[in-house]
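Now for the letters of each chain:
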Amino acid sequence: MPAPEELLPTATRIAEALLEVQQRVNDRVDATHAELLPAVQAALGIAPGDAVDPGDLVDQRITGASAVVTPAAVAALVPLTAASAATTRAGRRAVGDVVRGADDRLAVIAGPCSIHDPVAALEYAQFLAAMRERHGADLEIVMRTYTEKPRTEVDWKGFAYDPFLDGSSRISVGLVATRMLMAEITGLGVPVAAEPLNALTPQYVDGLVTYNGVGARNVTDQTARERVSGFSSVVGFKNSPEGSIDVAVSAIISARSGHDFLGVDRHGVSAQLGTTGNDTGHVILRGDAQGPNYSAAHVADTKRRLAARGLPEVLVVDASHGNSQKDHLRQIQVVRDLAGQIAGGEQGIRGVMVESNLVAGRQDLDRTAPGALAYGQSVTDACVDLPTTEALLAELAEASRTRRAG
């Protein structure tokens, strides 16, 4: 793998080479259709002359359509290494066991609200590697490596879609760079977490993600529930922005079932996909606009809702978002409360999420001058810094140790 500062330039070269290949593949598909479809039409008695030019009926608001790299092609040039595979395999097993109760440690998903700088992300990953070594007996720490960002209205959509932060939207480069980055992080022995927003992006990082979260905006989406029913990773569902726990519970039930649905294969071709269902699904309490929902009373209420539907009484709590009311420093209070519940023997809380970065706070992204950004500080939600994160992890480790001691 290249040096961290060379990750994006290398991803650009890979994407450009793959796009040339993909355009040739697309041309061959068009030529093959032109060659073979007339015979099929004739055999079925379909007269080509009956078709009309769709003209003004299609693509009226599409400004362009260009080739994109495919998951299979990207994986061929950014292959899964033995070290990355071992990290993901062990991470999925550990977090899955924590969720199921076979591992009595606490899962912690910590990291930037969103990734925008691969150099800073890899520096953060090295910090988490040290924290995993220090607290491994009590915590299973996974790094937030979110390269897609859901937007209520319009804003930067994440590293996978606009890796140069300038509105150029070089998606193929972003997809290659995302896989390269996750490969580097897992190569350090740090499992990664993601929040995929569509049916395509998960395949570009296949084999690299330990934990996938379904965000508050997507938890009611049938297609999201269908997709994660086939994920090899552990999955969690956040309560809705309005605070509904029941929609997350419904999502768990749906994702635990097998589904057949329209998706795409590793070559980007439409395919009917069938799934077995995912039994790792659980609620993520993230608060809402009206206030937090991490208290002992909220945890007990969520467990009752799960039990009423015959589901395991387990959950993860997000210390940020609605639970911190968008004040990154309030995460300290949230974690302290959760640590008290855990140390007091609360078995339902199996994991905690923390938004953390090299530098505290946040900054605005000016896409006309992305080079002016401060290093290591979030361009989306505000995060706590490394010293604060170190203290929070120590507090959670002590709480986990106390609970494990019984």
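Up top you'll find the structure we're talking about.
These remarks concern the structure in this document. Worth saying up front: this structure is predicted, and the values here are computed from it rather than measured.

### Points about the overall build of the chain
Point 1. Scanning the chain for helices and strands turns up 11 helices and 10 strands.
Point 2. Taken over the C-alpha trace, the chain has a radius of gyration of 22 Å; the compact-globule value for 406 residues is 22 Å, and the two agree within 12%.
Point 3. Expressed as lengths along the three principal axes of its C-alpha atoms, the size of the chain is roughly 75 × 50 × 40 Å.
Point 4. A buried classification covers 52% of the 406 residues belonging to the chain.
Point 5. For the chain, the share of sequence-separated contacts (at least 6 apart) that also reach a separation of at least 24 residues comes to 72%.
Point 6. Just so you have it, the chain exposes about 18200 Å², and 52% of that area is on carbon and sulfur atoms.

### Examining the nonpolar core
Point 1. Among the nonpolar cores identified, the biggest contains 83 residues, and Leu128, Met143, Val176, Phe237 and Leu396 are the most heavily contacted of them.
Point 2. Leaving out residues up to four positions away in the same chain, Phe237 has contacts with Val214, Val219, Val228, Ala248, Ala251, Ile252, Ala255, Gly281, His282, Val283 and Ile284.
Point 3. If you look at the next biggest cluster of nonpolar residues, it comprises 12 residues, including Ala193, Val234, Ile284 and Met353.

### Concerning the packing of aromatic side chains
Point 1. For the coordinates displayed, the defined rule picks out one aromatic pair.
Point 2. For the cation-ring pair, Arg144 lies above Tyr146, with the distance from its terminal atom to the ring centre recorded as 3.9 Å.

### Here we look at the state of the cysteines
Point 1. Throughout the structure, instances matching the rule amount to zero disulfides.
Point 2. Cys383 provides the cysteine sulfur closest to Cys113, a residue in no disulfide bond, and the two sulfurs are 5.8 Å apart.
Point 3. Assessed through its relative accessible area of 1%, Cys113 is described here as buried.
Point 4. A residue is classified by how much of its surface remains accessible, and Cys383, at 0% relative accessible area, is buried.

### Section: unusual backbone geometry
Point 1. Unlike most non-glycine residues, Asp59 shows phi in positive territory, near 55°.
Point 2. Tracing the backbone through its elements, the reader meets Asp59 in the loop between α1 (7–44) and α2 (71–77).
Point 3. The phi torsion at Gln325 lies on the positive side, around 50°, for a residue other than glycine.

### Structural notes on the environment of Leu122
Point 1. Take Leu122: it is sitting in helix α4 (residues 118–135).
Point 2. By relative accessible area, which is 7% here, Leu122 ends up buried.
Point 3. Taking the C-alpha atoms as reference, Leu122 lies 7.6 Å from Glu184; in sequence the two are 62 residues apart.
Point 4. If we skip the residues at most four places from it in the chain, Leu122 touches Pro4, Leu181, Glu184, Ile185 and Leu188.

### Some remarks on the sheet that holds strand β2 (residues 139–144)
Point 1. Taken together, the eight strands give a closed barrel; going around it, the order is β1-β2-β3-β4-β5-β8-β9-β10, and neighbouring strands pair in parallel fashion. Direction aside, neighbouring strands of the sheet carry axes that sit 30° apart on average.
Point 2. Across four bridges, the pairing between strand β9 (residues 315–318) and strand β10 (residues 349–355) is parallel. Opposite Val317, over in β10, you have Val352 as the bridge partner.
Point 3. Set on the sheet, α4 makes contact with β1 (106–111) and β2; between it and β2 the angle comes to about 175°.
Point 4. Of the strands in this sheet, β2, β3 (192–194) and β4 (209–214) are in contact with helix α5 (residues 171–187), which crosses β3 at around 145°.

### Points about the pairing of strand β8 (residues 282–285)
Point 1. Taken together, the three bridges between strand β5 (residues 234–238) and β8 define a ladder with parallel strand orientation. If you follow Phe237 over to β8, its bridge partner there is Val283.
Point 2. In this structure, β8 lies alongside β9, joined through three bridges in parallel fashion. Directly across from Ile284, in β9, lies its bridge partner Val316.
Point 3. Viewed along the sheet, the connection from β8 through helix α9 (residues 296–308) into β9 turns out right-handed.

### Some details on the pattern of salt bridges
Point 1. The final tally for this structure, using the stated rule, is 20 salt bridges.
Point 2. We note a salt bridge from Glu346 to Lys303, for which the minimum N-O separation is 2.9 Å. In this pair, Glu346 sits in the loop between α10 (330–343) and β10 while Lys303 sits in helix α9, placing the two residues 43 residues apart along the sequence.
Point 3. The exposure class of Glu346 is buried, given its relative accessible area of 18%.
Point 4. One salt bridge in this structure joins Asp364 and Arg362, with 2.9 Å as the shortest N-O distance.
Point 5. On the basis of relative accessibility, which here comes to 60%, the residue Asp364 falls in the exposed class.
Point 6. The structure contains a network of salt bridges with shared partners spanning Asp103, Arg105, Arg132 and Glu140.

Definitions and cut-offs
Residues numbered from 1 in each chain as written. Predicted model: local features only at pLDDT ≥ 70, side-chain atom pairs only at ≥ 80, totals over all residues. Heavy atoms only, no water. Helix = DSSP H or I, 4+ residues; strand = E, 2+ residues; numbered from the N terminus. Rg over C-alpha atoms; globule rule 2.2 N^0.38 Å. Buried < 20%, exposed > 50% of the residue type's maximum accessible area, 1.4 Å probe, protein only. Contact = heavy atoms within 4.5 Å. Areas by Shrake-Rupley, 256 points an atom, 1.4 Å probe, with all protein chains shown as cover. Core = buried A, V, L, I, M, F, W, Y, C linked by side-chain atoms within 4.5 Å. Phe/Tyr/Trp six-rings, centres within 6.5 Å; stacked < 30°, edge-to-face > 60°. Lys NZ or Arg CZ within 6 Å of the ring centre and 35° of its normal. Disulfide = S-S within 2.5 Å. Pairing = 2+ DSSP bridges. Axes fitted to C-alpha atoms, helices over the stretch in contact; angles between N-to-C directions. Right-handed = clockwise from strand over helix to strand, strands pointing away. Salt bridge = Lys/Arg side-chain N within 4 Å of Asp/Glu carboxyl O.

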